[in-house]
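Commentary on secondary and tertiary structure
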Amino acid sequence: MRTLLIVNPNATSTTPATRDLLAHALESRTQLTVAHTQHRGHAAELAQWASTQEMDLIVVHGGDGTVNETINGFLPLPQVADDQVWRPRLGVIPGGSANVFARALGISPDPVTATNQLIDLLGRDADRRIGLGLADDRWFTFSAGVGLDADVCESIDAARAKGRKATPARYLRTTVRQFFRARGQEPGVTVTVPGHDPVESVYYAFVTNSSPWTYLEDRPVRTNPGTTFESGLGVFAMGSMSVTRTLLLARQLLSENGNPKADALFRVDDVDSVRVDAPDEIGLQIDGDFIGKRKMVHFTSVPSVLDVVAPKPV
């Protein structure tokens, strides 16, 4: 088995010791090539190279952003998909701050435990085929969104550029600050889901490919608990910035058996596509990274498109 290990040395919880442990473990089972990312987009370039070399497995040791880059580097879009294109399997060893994708797959957030888990799964040839989401022409693994969470991601990215770590506390402070900033704006987003009436006057919308939507430390935050990697997309669109309503909704999101419902909330858990329109450009985030601003985004569900080395769903 020929394997490429992509390491993001700048990821929040990536350490030389864990990298060396992972490399040593993979070398005992595979023919290994190790590459470190050096700039934004480098993981995509490395993944594309691995695909052209017909490598069997790509293992990513980094955060959700590095995983997203990797997938977008080697996985062709549906409209240009070719059965002749080589598609490596994907393994993930968490190395970021949230590691939502890996944890939603049932991979341990501890890198050492996750390494042992990966080696065990490789030994049993245990793969899992999952669906992904598309935001226009970019794959996302667990979440994309416009409005509030995109603004939070933009602010976090700016803090990272200044050398500040993306800690849960920073995310929480940034979310509160962006929430009160957004309260003074008009809700101009329209969300359109086939089979439903268009939902107008939306402040922010999340589109998810799995559950949970994210984690607050060890606590999962579930916007669409009925959404899985094997189902369609989840849509969570909020038409109120009332503090009282938001606090009540937050309580539901953090509940172990939460099933979020609110008068101003439009939520569906299994759809093939959703379109978001806005009169003015609004922020778009994909898998926790700020992508830019758009007036329209079309999200689609693409089932059974990626083979991952991960536990089977229970």
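As annotated in an unreviewed UniProt entry, the protein carries the name Diacylglycerol kinase family enzyme and is attributed to Nocardia caishijiensis. Recorded in UniProt under Cofactor (unreviewed entry), the annotation for the protein is "Mg(2+)". For the protein, the Sequence similarities (unreviewed entry) comment in UniProt is given as "Belongs to the diacylglycerol/lipid kinase family."

1. Some remarks on the overall build of the protein
Secondary structure assignment for the protein yields eight helices and 16 strands. Over its C-alpha atoms, taken along the principal directions, the protein stretches across nearly 55 × 40 × 35 Å. Classification of the 314 residues of the protein by burial places 53% in the buried group. Sequence-distant contacts, at least 24 apart, represent 73% of the contacts inside the protein between residues at least 6 apart. A total accessible area of about 14400 Å² is found for the protein, and carbon and sulfur atoms account for 48% of it.

2. Digging into the packing of helix α2 (residues 42-52) against helix α3 (residues 64-74)
To characterise two packed helices, one gives the angle between the axes of the helices and the distance between these axes. Relative to each other, α2 and α3 sit at 40°, their axes nearing to 7 Å. Here α2 is positioned oblique relative to α3, judged by the angle of their axes. With respect to the hand of their crossing, α2 and α3 are arranged in right-handed fashion. Packed against α2, whose contacting residues are H42, A43, A44, A47, Q48 and S51, the element α3 presents T66, E69, T70, G73 and F74 at the interface. Partitioning the contact of α2 with α3 into residue classes produces four nonpolar, six polar and one charged.

3. A closer look at the layout of surface pockets
What the second largest pocket holds in volume is close to 460 Å³. Lining the second largest pocket we find 23 residues, and of these G147, D151, Q185, E281 and I282 sit closest to its centre. The set of elements that each furnish at least two residues to the lining of the second largest pocket consists of α6 (148-161), α7 (168-182) and β15 (273-286). The greatest single-element share of the lining of the second largest pocket, amounting to six residues, is contributed by β15. Counted by class, the lining of the second largest pocket contains 11 nonpolar, five polar and seven charged residues.

4. Topic: the pairing of β15
Consecutive residues of a regular strand have side chains that alternate between opposite faces of the sheet. Looking at chain direction, strand β7 (residues 143-146) and β15 are connected through three bridges and run antiparallel. In the sheet register, G145 faces β15, and the bridge partner there is Q285. Bridge analysis of strand β8 (residues 189-192) against β15 gives three bridges, and the strand direction is antiparallel. Counterpart to T190 in the pairing with β15 is D277. Of the pairings in the sheet, the one linking β15 to strand β16 (residues 289-308) comprises 10 bridges and is antiparallel in character. Bridging across to β16, I282 finds its partner in R294.

5. Considering the pattern of salt bridges
Under the criterion given, the structure shown has nine salt bridges. For R129, the salt bridge goes to D307, with nearest N and O atoms at 2.9 Å. Of this pair, R129 sits in strand β5 (residues 128-135) while D307 sits in strand β16, and the two are 178 residues apart along the sequence. The exposure class of R129 is partly exposed, given its relative accessible area of 48%. Of the residues examined, D307 reaches a relative accessible area of 22% and is grouped as partly exposed. Note that R294 and D136 form a salt bridge whose closest N and O atoms lie 2.9 Å from each other. In this pair, R294 sits in strand β16 while D136 sits in the loop between β5 and β6 (138-140), placing the two residues 158 residues apart along the sequence. The class for R294 is partly exposed, based on a relative accessible area of 26%.

6. Some words on the environment of F142
Tracing the backbone shows F142 in the loop between β6 and β7. Put simply, F142 and I286 are 144 residues apart on the chain and 8.5 Å apart in space, counted from C-alpha to C-alpha. Not counting chain neighbours up to four residues away, the residues in contact with F142 comprise D64, V100, F101, V207, T208, N209, S210, W213, D287 and G288.

7. Things to note about the environment of D137
You can see D137 is positioned in the loop between β5 and β6. Overall, the relative accessible area of 52% leaves D137 in the exposed class. With 163 residues separating them along the chain, D137 and T300 place their C-alpha atoms 9.8 Å apart.

8. Re helix α5 (residues 111-123)
Here α5 spans 18 Å end to end across 13 residues, near enough to the 18 Å set by a 1.5 Å rise per residue. Residues of α5 that are buried include every one of P111, A114, T115, L118, I119, L121 and L122, and no others. Seen from one end, α5 has its buried residues packed into an arc of 165°, which puts them on one side. Projecting away from the buried face of α5 at angles above 90 degrees are the exposed residues N116 and G123. If you follow the buried residues of α5, they end up packed against α1 (16-27), β3 (57-62) and β4 (89-94). Backbone geometry just after α5 places D125 at a positive phi near 50°.

Thresholds applied
- Here the residue numbers are simple positions, counted from 1 along each chain's written sequence.
- Note on the predicted model: pLDDT of at least 70 is required for a residue's local features to be given, and 80 or more for side-chain atom pairs to be given and counted; whole-chain, interface and lining totals, by contrast, use all residues.
- Note that the side-chain values use all heavy atoms of the structure and ignore hydrogens as well as water.
- UniProt positions are given in the numbering used here, feature names are shortened, and annotations may be inferred rather than shown by experiment.
- By the criteria applied, helices consist of DSSP H or I runs no shorter than four residues and strands consist of E runs no shorter than two, each listed in order from the N terminus.
- In this scheme, a residue with accessible area under 20% of its type's maximum is buried, one over 50% is exposed, and one in between is partly exposed, where area comes from a 1.4 Å probe on protein chains only.
- The contact criterion used throughout is that any non-hydrogen atoms of two residues lie within 4.5 Å.
- Only the protein chains shown count as cover for residues, and the accessible areas themselves come from Shrake-Rupley with a 1.4 Å probe.
- Here an angle of 0 to 180 degrees is reported between the N-to-C directions of two axes, which are lines fitted to C-alpha atoms, with helices fitted over the stretch in contact.
- Relative orientations are named as follows: roughly parallel for angles under 35 degrees, roughly antiparallel for angles over 145 degrees, roughly perpendicular for angles from 65 to 115 degrees, and oblique for any other angle.
- By convention the crossing between two helices is left-handed if the near helix lies anticlockwise of the far one by an angle smaller than a right angle, and right-handed if it lies clockwise.
- Each residue gets one of three labels, nonpolar for Ala, Val, Leu, Ile, Met, Phe, Trp, Tyr, Cys and Pro, charged for Asp, Glu, Lys and Arg, and polar for the others, Gly among them.
- Of the two site types, the cavity is a set of points on a 1 Å grid over the protein atoms alone where a 1.4 Å probe fits but cannot get out, and the pocket is an open set with protein on both sides within 12 Å along at least five of seven lines, each lined by residues with an atom within 4 Å of a point.
- Grid points are joined across faces, edges and corners, and a volume is the space filled by probe spheres set on the points.
- DSSP-based pairing: two strands are paired if at least 2 bridges between them are found.
- Salt bridges, as used here, are contacts in which a Lys or Arg side-chain nitrogen is within 4 Å of a carboxyl oxygen on Asp or Glu.
- Expected helix span is computed as 1.5 Å times (number of residues minus one).
- Our arc is simply the arc of the directions from the helix axis toward the C-beta atoms.

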